[in-house]
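Descriptive analysis of the structure
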Amino acid sequence: MAKYDVVVIGAGSTGTAVARDCAMRGLKTLLLERDDIASATVGTCAGMISSGLKYMDEPNIVDMCSDEVVYFKRIARHIIAKNPILTPLLEMSDLSSGGNFAEEYSKRAETRDVPPVLFLTPEDSLKIEPMLNPDLIASLYFEEYFIDPFALCMLQALDAKQHSADIKTYCEVTDILTKNGSITGVQYFNRIADKMESVKTKAIINAAGPWAHKIAALAGAKLELRLNKGAHVILDRRVVNVGVIAKAIEGRMIYLFPHENTVLLGTTALDTWEDPDTLVASQDEIEYLLKSMEWVIPSIRDARIIRTMEGVRPLVPTWKIPEGDVTRGYEVIDHEPEGVSGLVSFTGGKLVMCRHMAEAATDLVCKNLGIETECKTHNMPLPGNSDDVDIMALAKEYGVSQHTVERMRARRGSETATILELTRDHPEWKTTICTCEPVIEAELRYAIRETFPQTLNDLRRRVRLGTGPCQGTFCTFKAAAILAEELELSGEEFQLDIADFLAERWKGKRQSIRGEQIAQEELAQGIYACVGNLDQAQEELDYDLKPWEEVL
Amino acid sequence: MNLEADVVVIGGGMAGLVAGIRATEEGMKTVLLRKGQSATAYSSGAIDVIGYLPGGTMPLGSPVEGLQGIASMFPLHPYGLLGFTDAEPDTVSKTIVEKVRTAVSWLKATLLSSNIPLFGDIDSNLDAVTVLGTVKPTCMIQETMWPGSLMLDADSVALFAGVRGFPAFNPRMAAQVFLEHQISNRLPPRKVGHHVLDMAPFGNNYNISSIEIARYLDTEDNLSVLAKKLKKHVERIGATHIALPPVLGFNRARENQLALQDLTGAYAFELLSFPPSVPGLRLQRGLETAFVKAGGTLLVGHHAKMDSLKSNIVKEITAVGPKRNLKISTKAAVLATGKFIGGGITGTENGIRESVFDLMTVSESFRIATSTTPQKLTNTIALSHIGHPLFGSGLSIDPQFRPITGEEVHAAKNLYAAGSVLAGYNYPAEKSGLGVAIVTGYMASRNAVDYVKGVSA
């Protein structure tokens, strides 16, 4: 049986950061994920590595966030973008909270290489963002950094792997083995090999996010979480030039953030007890967001809604206060005092803190194991961060459009040249497979060979396949064939992969379906049901109903 | 500028063109408006009549069998409405089958004269093979798409051949899916091979589209080069059949099919595929040619504009073009604007609307849908044999094919509707899209013509 120093459970932003930190400090590390890298909470976030603007009442957290932004700019600059943000003020009363925020933000602006908060006149605001409600009386201008959350998790996992960690996706923990109150091992079901496996370990770091309490329970430990769900509505293209923050109907703040080729409208915050796997955005959440944003962007409903997404925040369990008053900090919990030695869990936290959380947990595990090491994760770059990428030169050299190369760079950084080099032997791999993003075949083949996707959904998280307005209508069957070839899948597995991918896309499209997206779906049904006959094939194939699907 | 017409047809897909050609053939001065590309042009080119009963999972052996089932179980299905006549109840099924047979046979003859020979009839469904390697039941396909004896002859061997840099067809996966399907159904062929050809049409070796290949193969010399390359692989695996993506040309498809057989010794055929679809475009062009040849007036790039119906008779329709508006006075109109792809039906968070006359819409089960949120008409499962009722929503019509605006009250006495703007059938699930379009286009046109002749007389 394989022996590890530490097993990390959960490959979200925190789990992958922990695995990276542990591996870099020389611990023999195994990362177990029941699904794929970044397949739950982090995959539904807006990617803001926030300066802490929402938590101005917790200055130590604001300091931490600000430092973490500086570290991310150092280690992952290729997957980071800086977005200007406007907060339009429509009434004088909107101004009261603005002043304090501006002061706190501006104190730490210089370290992050952003200007202090500016107050803009209506004229200047409208110059920057003509879509704003012209009745505004002023706006606050500031800048925040955003990161590609999928790429961050993937790069942290890959970096862990390069530091000798083992990464196992599709392995769901079924039991935690203990002896005399100490962790001895982990048992898990390997869905790829279709069998139970177990390993020995001295320590476990439980980074299972909204499932963390269930993992703790396997070891007989108690962990409480306050689960809180949030919805995003995803709009096609950059319908605004800059991010916009606005007051929602009950006074919370919501936002409209440019994100890759889309704009994200979010988010709601509702306490939830549902299985996170079954959650979808509700009609009420969608309308709450549209209605709230309509006051500052009156034309918001003209934008094409691509889909929605719903995620679950595993908050620190503080009760009988509104969600907004719960700390945005995190807790690292050593379960030793309650008689489970070797198990460490997280509650709370934010995307921007994932590296910090990893450092804290790894420090604790190293201390418990009696190892003296130093954290290097804030200094050592993630893969792809090494050089600047000359988009124009590469586009010319390989005969691929500048737009395609730039989108590839935003995911791959300095690996872009390596990927394009593949087209020398295979010019046909310059073919665009996903036209919305766009993604060329060379990048798909590279991602399949280097980043261990098992399904099309995994490939979507690697290259943003099928995330544009057509939601996989035109790329699903093409990419599925490439994946099937590379992984040597059977015809049935190939068809099931198509069905699974369309099922996952439909989950998000369905809730907000309207306008052009209905015509798009009719086309998708025309392709996969009417012509492809996969609706009927599904009867014969071994299709598993998804958690959010209901029996017809 | 103003135009005068006997019949104005709004919509230039299958339903509209069938209605337009028929009206012209009946001596009507017919003007047809086509806004943009129709769903027919996006189609695989296969003419489905009925492949599965609504909600069914057993492929129907023949459209006739399906029509008989619809006659007894789904009287409000567009095919079911064909049976609302004064005749005895026990002849309903026969009436429906005969009306469908008449319309489908007429289409076959019409397209033959446009040089698009079709294979098949309503007495049996064909097993058509798709670019995914899956098999679907359909009524008629273009001759070039008929797989011949591939699935009948015990010794047949298929070569699936793709083109390097053409991503819409992966011969290896298609061959694999097809073989698995045939083995599980204990049918030939027992052996399939696959190959990717280096064709580089017009010098391109990546981002190649089916349209590009079809244009390239419209030249005889280019086809001979293809044949030479195919021959090597036909001989290598002993192929009796060659499965190709549907790229055999816009003008020479049938000649090319026969030439390939001559030059390679194997029977070549085109698979059903997705948009952009060469066979769909061939169908569209063939129908338009027939309409113009019959004397119809085709206004491409024009959509119809109407204020909501104020009286119960349509007298004038405005055709809005890119640079002009035409007022067309007419004696009757056929609305064949399609569903969501065509734009005849739209959906917002406030409800499902008809886009030209703002007519009442209903769901697949005929509940008023004018204020129904589209999401409420969908299932949680993306792909299923039931489909999404959203795609069965549209207009409710009387037995004359006139849209109704309430309890059996028609919107206008001279306004008829046909094709996927109609409610009550779910074509992606049933595999009935072009069939319903043909038959309802044919019937709506006949009723419009009868009305005009009655009015004229």
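Reading guide: rules and limits
Residues numbered from 1 in each chain as written. Chains lettered and ligands numbered in written order. Predicted model: local features only at pLDDT ≥ 70, side-chain atom pairs only at ≥ 80, totals over all residues. Helix = DSSP H or I, 4+ residues; strand = E, 2+ residues; numbered from the N terminus. Expected span 1.5 Å × (residues − 1). Buried ≥ 20, exposed ≤ 12 C-beta atoms within 10 Å, placed from the backbone. Pairing = 2+ DSSP bridges. Axes fitted to C-alpha atoms, helices over the stretch in contact; angles between N-to-C directions. Contact = placed C-beta atoms within 7 Å. Nonpolar A, V, L, I, M, F, W, Y, C, P; charged D, E, K, R; others polar. Domains from an automatic or database assignment.

**Brief notes about helix α1 (residues 14-25) of chain B**
All names here are of chain B. Over its twelve residues, α1 runs 16 Å from end to end, which matches the ideal 16 Å to within 8%, given 1.5 Å per residue. With eleven of twelve residues buried, α1 is to be regarded as a mostly interior element. Burial in α1 covers these residues: Met 14, Ala 15, Gly 16, Leu 17, Val 18, Ala 19, Gly 20, Ile 21, Arg 22, Ala 23 and Thr 24. Following α1 by one or two positions, Gly 27 adopts a phi angle in the positive range, close to 85°.

**A closer look at the sheet that holds strand β3 (residues 30-34) of chain B**
All names here are of chain B. Taken together, the five strands give an open sheet; going across it, the order is β12-β3-β2-β16-β21, and neighbouring strands pair in parallel fashion. The open sheet has two edge strands with one neighbour each: β12 (297-300) and β21 (415-417). The sheet shows a mean angle of 20° between the axes of neighbouring strands, direction not considered. The sheet contact formed by β3 and β12 spans four bridges and is parallel.

**Describing the interface of chain B and chain A**
At the interface, 49 residues of chain B touch 50 residues of chain A. Sorting the residues of the side of chain B that touches chain A by element identifies α6 (171-184), β17 (345-348) and α11 (427-430) of chain B as the ones contributing at least two each. Sort the elements by how many residues they give to the side of chain B that touches chain A and α6(B) lands first, with five residues. Across the side of chain B that touches chain A, the residue classes break down as 21 nonpolar, 21 polar and seven charged.

**Structural notes on the sheet that holds strand β14 (residues 316-320) of chain B**
What holds strands together in a sheet is hydrogen bonding between their backbones, with the strands either parallel or antiparallel. All names here are of chain B. Taken together, the four strands give an open sheet; going across it, the order is β1-β15-β14-β13, and neighbouring strands pair in mixed fashion. The open sheet terminates on both sides in strands that have one partner only, identified here as β1 (2-4) and β13 (303-305). Strand-to-strand twist across the sheet, computed as the mean angle between neighbouring axes with direction ignored, equals 30°. Two elements, β1 and strand β15 (residues 325-329), share three bridges in a ladder whose sense is parallel. Within β15, the position partnered with Asn 2 by the bridge is Lys 327.

**Overview of the domain arrangement of chain A**
Residues and elements named next belong to chain A. Domain boundaries assigned for chain A yield domain 1 (3-41 + 150-224 + 328-369), domain 2 (81-145 + 226-317) and domain 3 (431-540). Each of domain 1 and domain 2 has a C-alpha centre, and these two points are 33 Å apart. Taken together, the contact between domain 1 and domain 2 spans nine residues of the former and nine residues of the latter. Grouping the constituent residues of the side of domain 1 that touches domain 2 by class yields three nonpolar, four polar and two charged.

**Points about the pairing of strand β16 (residues 305-315) of chain A**
Every other side chain in a regular strand lies on the same face of the sheet, so the side chains alternate between the two faces. Residues and elements named next belong to chain A. Most of β16 sits inside the fold, with eleven of its eleven residues counted as buried. Two strands pair when backbone bridges link them, and strand β11 (residues 226-236) and β16 are joined in this way by ten bridges, in the antiparallel orientation. In the strand pairing of β16, Arg 226 is matched with Leu 315.

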